[in-house]
Amino acid sequence: MTSIDCITLEVADPVAAEHFYSDAFGLGKQVRLRASEVPTSGFRGFTVSLVVSQPSIVNGLVGAALDAGATTLKPAKKSFWGYGGVVQAPDGTIWQIASSSKKDTGPDSRQIDEIVLLLGVSDMAASKRFYVDRGLTVAKSFGSKYVEFDSSSSPVKLSLYGRSGLAKVAGVPPEGTGSHRLAIGSDAGPFTDPDGFAWETVA
């Protein structure tokens, strides 16, 4: 089964980005950074979700991100599916912090249960087929809206979302040009998918 070991964010200032991610989320080896000045503007076509167990952890991570220099795209609040908010890091990456629970069962532990990479795609059927052909197994599928792949062996979970729908979830316009400034590290690469997302081989 294909495993996604990490994602690499291409940023203008890796030192500043390292400080941000350490202070905001305490992320380890699943999120890597490297320098890039490749042009990009608007929505870069993806978001990263941090899935946690309860609202207090959402609030703690959102607050830490804002203190470290992030901006709010959607304030943390309850919804029909749970509790969450959306922030944008100084490097431009959009982060969703979410819990399926609407009630706290304990203090903020800062424990992140899952890291989910959501790719905005233009043709769901084509992208789903592309990834299945490369060894990913579909866990959930909702027509042209959403596809979630089995992540039992992966530090990073992969899901596909329609690009405009993902932008709406993130709270940004769907338009964007230039580089995604993202590389996906796995045992299935290297290749580039139909929407221009680059996969790299991780030793």
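For clarity, every value in this text was computed on a predicted model and none was experimentally measured.

A. Seen up close, the sheet that holds strand 14 (residues 191–192). Strand order in the open sheet formed by five strands is 2-1-13-15-14, with mixed pairing between adjacent strands. Two strands lie at the open edges of the sheet, namely strand 2 (31–35) and strand 14, each paired on one side alone. In terms of strand pairing, strand 1 (residues 4–11) meets strand 2 through five bridges, oriented parallel. Across the sheet, residue T8 finds its bridge partner in strand 2, namely R32. In this fold helix 1 (residues 14–24) packs onto strand 1 and strand 2, with an angle of close to 160° to the strand it touches most, strand 2.

B. Fine view of unusual backbone geometry. Positive phi is not limited to glycine here, since R110 has a value of about 60°. Within the secondary structure, R110 sits in the loop between strand 7 (94–99) and strand 8 (114–121). The phi dihedral of R181 is positive, around 55°, even though this residue is not glycine. R181 gets classed as buried once you look at its relative accessible area, which sits at 10%.

About the cut-offs
Residues numbered from 1 in each chain as written. Predicted model: local features only at pLDDT ≥ 70, side-chain atom pairs only at ≥ 80, totals over all residues. Heavy atoms only, no water. Pairing = 2+ DSSP bridges. Helix = DSSP H or I, 4+ residues; strand = E, 2+ residues; numbered from the N terminus. Contact = heavy atoms within 4.5 Å. Axes fitted to C-alpha atoms, helices over the stretch in contact; angles between N-to-C directions. Buried < 20%, exposed > 50% of the residue type's maximum accessible area, 1.4 Å probe, protein only.

Everything listed is a geometric property; what it means functionally is a separate question.
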